[in-house]
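Summary of structural features
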Amino acid sequence: MLEVKNICKSFGENKVLKDVSLTVHKGEVVVILGPSGSGKTTLLRCMNFLESADSGFLDFDDIHTPFNRATRKLILQIRKKTAFVFQNYNLFNNKTALENVMEGLVIGRHIPKKMAEEIAKRSLDKVGLSDRYDYYPSSLSGGQQQRVGIARAVAVNPDVIFFDEPTSALDPELIGDVLEVMKNLARERITMIIVTHEMSFAEEVADYVVFMDDGMIVEQGSPEQIFHNPQQERTKQFLNRILKK
């Protein structure tokens, strides 16, 4: 369904992605793990053209393109098939939860307002915010704001949702609600690519786990393999350090 081949990305002299290749199948939950600075977020952003990759190739259903030659029209096609959930919510502060979810439907997808409102309400219901339609972000907790962000992603009915450390900005007591919403999406077999440091969550929901370090994929495989029988010494070091916290 979605495959990136030999993707490279540098910021100046800093090589952030070094010949990374990844395949994601329809209905899969792929979790990307790794230390800060390993290239996880840059990989997600390049896959959705929020960053411009220097080289590499993308196959996405019927779309086949080198990253550095994708036209604006093709990038819009790809973005219509995807959604992105950011670390810091990226909500419009002057719009209610309902309006935030409607925005992409009306402006990005040209869906009539009445229909967009119905879809937005269903999406907010799905993430447990049926009583928060008319609340502005300033009146919502961090966890609720992130759930609005997830509702916004779900509302456009994407083929793939990218999650960039969706709980990293949350207080510990708010993380569980967001992870529970994501677990429900996983049960619905929505294709997701998730960057996270939540190890128990990753082991529970992932169909496939990728461990990155220094801009490269060090090891990849099933959750059972990565968490309980890692083959690479760097993977073992990372897991030992993280799981002891």
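None of these values were measured; they are calculated from a predicted model.

1. Section: the overall build of the protein
The number of helices and strands found in the protein is nine helices and 10 strands. Compactness check: the protein gives a C-alpha radius of gyration of 18 Å against a globular reference of 18 Å for 245 residues, within 12% of the reference. For the C-alpha atoms alone, the extent of the protein along its principal axes is close to 50 × 45 × 35 Å. A total of 245 residues make up the protein; the buried ones form 52% of that total. Within the protein, contacts between residues separated by at least 24 positions form 63% of all contacts whose residues are at least 6 apart in sequence. Accessible surface, the protein as shown: approximately 11,700 Å² in total, 46% of it carbon and sulfur. Across the protein, the centroid of the 31 positively charged side chains sits 4 Å from that of the 33 negatively charged ones.

2. Digging into the pairing of strand β10 (residues 216–221)
Direction of pairing for strand β9 (residues 208–213) relative to β10: antiparallel, over a ladder of five bridges. Paired with Asp213 across the bridge in β10 is Met216. Between β9 and the antiparallel strand that follows it, β10, lie two residues; Asp214 among them carries a positive phi value of about 55 degrees.

3. A few points about the layout of surface pockets
Volume-wise, the largest pocket comes out at about 630 Å³. If you go around the largest pocket, you meet 21 residues; those closest to its centre are Arg79, Thr82, Phe84, Gly104 and Arg109. Of all the secondary structure elements, the ones that give two or more residues to the lining of the largest pocket are α2 (72–80), β6 (82–85), α3 (97–108) and α5 (142–155). Broken down by element, the lining of the largest pocket gets its largest block of residues, five residues, from α3. Its residues assigned to classes, the lining of the largest pocket comprises nine nonpolar, seven polar and five charged. Computed from the structure, the second largest pocket encloses a volume of approximately 240 Å³. Lining the second largest pocket are 15 residues, with Val154, Asn157, Pro158, Glu188 and Ile190 positioned closest to its centre.

4. Considerations on the pattern of salt bridges
In total, this model carries 13 salt bridges according to the counting rule given. Here Glu51 makes a salt bridge to Arg45, at a shortest N to O gap of 3.5 Å. Beyond isolated ion pairs, a larger network of salt bridges with shared partners links Asp61, Lys81 and Asp159.

5. Side note on unusual backbone geometry
For Tyr89, which is not a glycine, the phi torsion comes out positive at approximately 75 degrees. The phi dihedral of Arg189 falls on the positive side, at around 65 degrees, and the residue is not glycine.

6. Quick notes on the packing of aromatic side chains
In the structure shown here, the tally under the stated rule is four aromatic pairs. Ring geometry for Phe49 versus Phe67: centroids 5.4 Å apart, planes at 35 degrees, classification tilted. Remark: Phe67 occurs in the loop between β5 (63–66) and α2 and Phe49 occurs in the loop between α1 (40–47) and β4 (55–60); sequence separation between them is 18 residues. According to the relative accessible area criterion, Phe49 is buried, its value standing at 10%.

What counts, and where the lines are drawn
Residues numbered from 1 in each chain as written. Predicted model: local features only at pLDDT ≥ 70, side-chain atom pairs only at ≥ 80, totals over all residues. Heavy atoms only, no water. Helix = DSSP H or I, 4+ residues; strand = E, 2+ residues; numbered from the N terminus. Rg over C-alpha atoms; globule rule 2.2 N^0.38 Å. Buried < 20%, exposed > 50% of the residue type's maximum accessible area, 1.4 Å probe, protein only. Contact = heavy atoms within 4.5 Å. Areas by Shrake-Rupley, 256 points an atom, 1.4 Å probe, with all protein chains shown as cover. Lys, Arg positive; Asp, Glu negative; His and termini not counted. Charge placed at Lys NZ, Arg CZ, Asp CG, Glu CD. Pairing = 2+ DSSP bridges. 1 Å grid on protein atoms, 1.4 Å probe; cavity = no way out; pocket = protein on both sides within 12 Å on 5 of 7 lines; lining within 4 Å. Points joined across faces, edges and corners; volume = space filled by probe spheres on them. Nonpolar A, V, L, I, M, F, W, Y, C, P; charged D, E, K, R; others polar. Salt bridge = Lys/Arg side-chain N within 4 Å of Asp/Glu carboxyl O. Phe/Tyr/Trp six-rings, centres within 6.5 Å; stacked < 30°, edge-to-face > 60°.

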